[in-house]
Amino acid sequence: MNITVAGENSLIIYFGEHQSFQAQSSQYQYTEVSTEILNQVQQAVLILTDSLGELLVDLVPSYASLLVIYDLYRTDLHTIRPQIRKLLNGINQVEQPAGRLVELPVYYSTESGPDLELLATNAGLSIDEVVDLHQAQEYQVYAIGFAPGFAYLGEVDERIATPRLATPRQQVPRGAVGIADRQTAVYPSVSPGGWNLIGLCPQRMFDPDATPTMPVKVGDSVRFNSIDRGTFLSLGGVL
């Protein structure tokens, strides 16, 4: 575990093996990713929330790191960093309860997934085989970011893993299901995006008026279920 300064009132905790180096003016950070490390991130969220309480402004978990934003009126770097180290000492031995399994319907087709046919061709598979592989497993929710409700899910079968588009689309529809490398996700709102689109999901991934606002959280698992066009439309989907 490595704790580094991320800003005037924030720290970032890296879990697992990591390496970093600077190239010209940019910094590259590689951090090991695994379910075990994600469990440590989740446990750290629970421990810090319970123990630091009002000292915290926010906690932002990711694949293998945790951003800690603290209240400068209540604490400072030299006080909170050793507190965090002490609280998280021995976290490797802590067992984290499993998250929920969330099932999401998807209308897979060339109509709803403009990159589905090309992805299948490049992979040497039929469209049905791509769909079967995509919905055959449970995906871990590793992080939520880019936009509210955008859950990074991993990992897809290596046979359908594919790089991001060379030129991102200026507009991706809400509910678009995409693949980028070995990640998959559902776009929660209309936005630019460079993932390969293979279908549409009618489930709202972010609703500010709902409680909770998102159907998934870090640590949950997601399974996709194929639906037909009529079911997609009946569930509120828009083509």
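See the structure shown above.
For clarity, every value in this text was computed on a predicted model and none was experimentally measured.

Rules and cut-offs
- Residues numbered from 1 in each chain as written.
- Predicted model: local features only at pLDDT ≥ 70, side-chain atom pairs only at ≥ 80, totals over all residues.
- Heavy atoms only, no water.
- Helix = DSSP H or I, 4+ residues; strand = E, 2+ residues; numbered from the N terminus.
- Buried < 20%, exposed > 50% of the residue type's maximum accessible area, 1.4 Å probe, protein only.
- Contact = heavy atoms within 4.5 Å.
- Areas by Shrake-Rupley, 256 points an atom, 1.4 Å probe, with all protein chains shown as cover.
- Pairing = 2+ DSSP bridges.
- Axes fitted to C-alpha atoms, helices over the stretch in contact; angles between N-to-C directions.
- Core = buried A, V, L, I, M, F, W, Y, C linked by side-chain atoms within 4.5 Å.
- Arc of directions from axis to C-beta.
- Salt bridge = Lys/Arg side-chain N within 4 Å of Asp/Glu carboxyl O.

A.B. asks: Which residues make up the overall build of the protein chain, and what are the values?
C.D. replies: Regarding its fold elements, the protein chain presents five helices and 15 strands. Burial status across the protein chain gives 44% buried among its 239 residues. Within the protein chain, contacts between residues separated by at least 24 positions form 60% of all contacts whose residues are at least 6 apart in sequence. Accessible surface for the protein chain amounts to roughly 12,700 Å². Of this, 48% is attributable to carbon and sulfur atoms.

A.B. asks: Could you give an account of the sheet that holds strand β12 (residues 183-186), with specific residues and numbers?
C.D. replies: Taken in spatial order, the seven strands of this closed barrel run β7-β14-β11-β12-β9-β8-β15, and their pairing is mixed. Sheet twist, expressed as the mean angle between neighbouring strand axes with direction ignored, is 40°. Sheet topology places strand β11 (residues 176-180) next to strand β14 (residues 196-200); four bridges connect them, and they run antiparallel. Counterpart to Val177 in the pairing with β14 is Gly199.

A.B. asks: Give a description of the sheet that holds strand β2 (residues 10-14) that names residues and reports values.
C.D. replies: Here four strands make up an open sheet; going across it, the order is β1-β2-β6-β5 and the pairing antiparallel. The outermost strands of the open sheet, each flanked by one partner alone, are β1 (2-7) and β5 (56-61). Direction aside, neighbouring strands of the sheet carry axes that sit 20° apart on average. Strand direction decides the pairing type here: β1 and β2, joined by five bridges, are antiparallel. The residue bridging Asn2 from the neighbouring strand is Tyr14, located in β2.

A.B. asks: An account of the nonpolar core is requested, with residue identities and associated values reported.
C.D. replies: Counting 25 residues, the largest nonpolar core has Leu104 and Phe224 as the members making the most contacts within it. At the level of elements, β7 (101-108), α3 (116-123), α4 (127-134), β8 (139-144), β9 (151-154), β11 and β15 (221-226) are the ones that each hand at least two residues to this core. Among the elements that take part in this core, β7 stands out by supplying four residues, more than any other. Leu11, Phe15, Ala44 and Leu56 belong to the second largest nonpolar core, which has 20 residues in total.

A.B. asks: Explain α4 residue by residue, including any values.
C.D. replies: Since the α-helix packs 3.6 residues into each turn, any two residues three or four apart lie on the same face. Along α4, the residues classified as buried are Val130, Val131, Leu133 and His134. Viewed end-on, α4 has its buried residues packed into an arc of 165°, placing them on one side of the element.

A.B. asks: Explain the pairing of β15 to me, using residue names and the numbers behind them.
C.D. replies: The pairing of β7 with β15 spans six bridges and is classified as parallel. Across the sheet, residue Leu104 finds its bridge partner in β15, namely Phe224. Where β8 and β15 come together, two bridges link them in antiparallel fashion. Bridge pairing links Tyr139 to Val222 in β15.

A.B. asks: Break down the pattern of salt bridges for me, with residues and values.
C.D. replies: Inspection of every chain in the model, using the stated rule, returns 10 salt bridges. Where Arg74 meets Asp71, a salt bridge forms, and the shortest distance between an N and an O atom there is 3.3 Å. Here Asp71 falls in the buried class, since its relative accessible area comes to 18%. Glu155 is the salt-bridge partner of Arg182, the closest N and O atoms lying 3.8 Å from each other. Separated by 27 residues along the polypeptide, Arg182 in the loop between β11 and β12 and Glu155 in the loop between β9 and β10 (169-172) bring together distant segments of the chain. Overall, the relative accessible area of 44% leaves Glu155 in the partly exposed class. Salt bridges sharing common partners tie together Glu54, Asp71 and Arg74.

A.B. asks: So what's going on with unusual backbone geometry? Residues and values would help.
C.D. replies: When glycine is set aside, most residues are seen to have a negative phi, and most peptide bonds are trans. Gly154 connects to Glu155 through a cis peptide bond whose omega is -5°. Cis geometry is adopted by the peptide bond preceding Pro212, which originates at Thr211 and carries an omega value of -5°.

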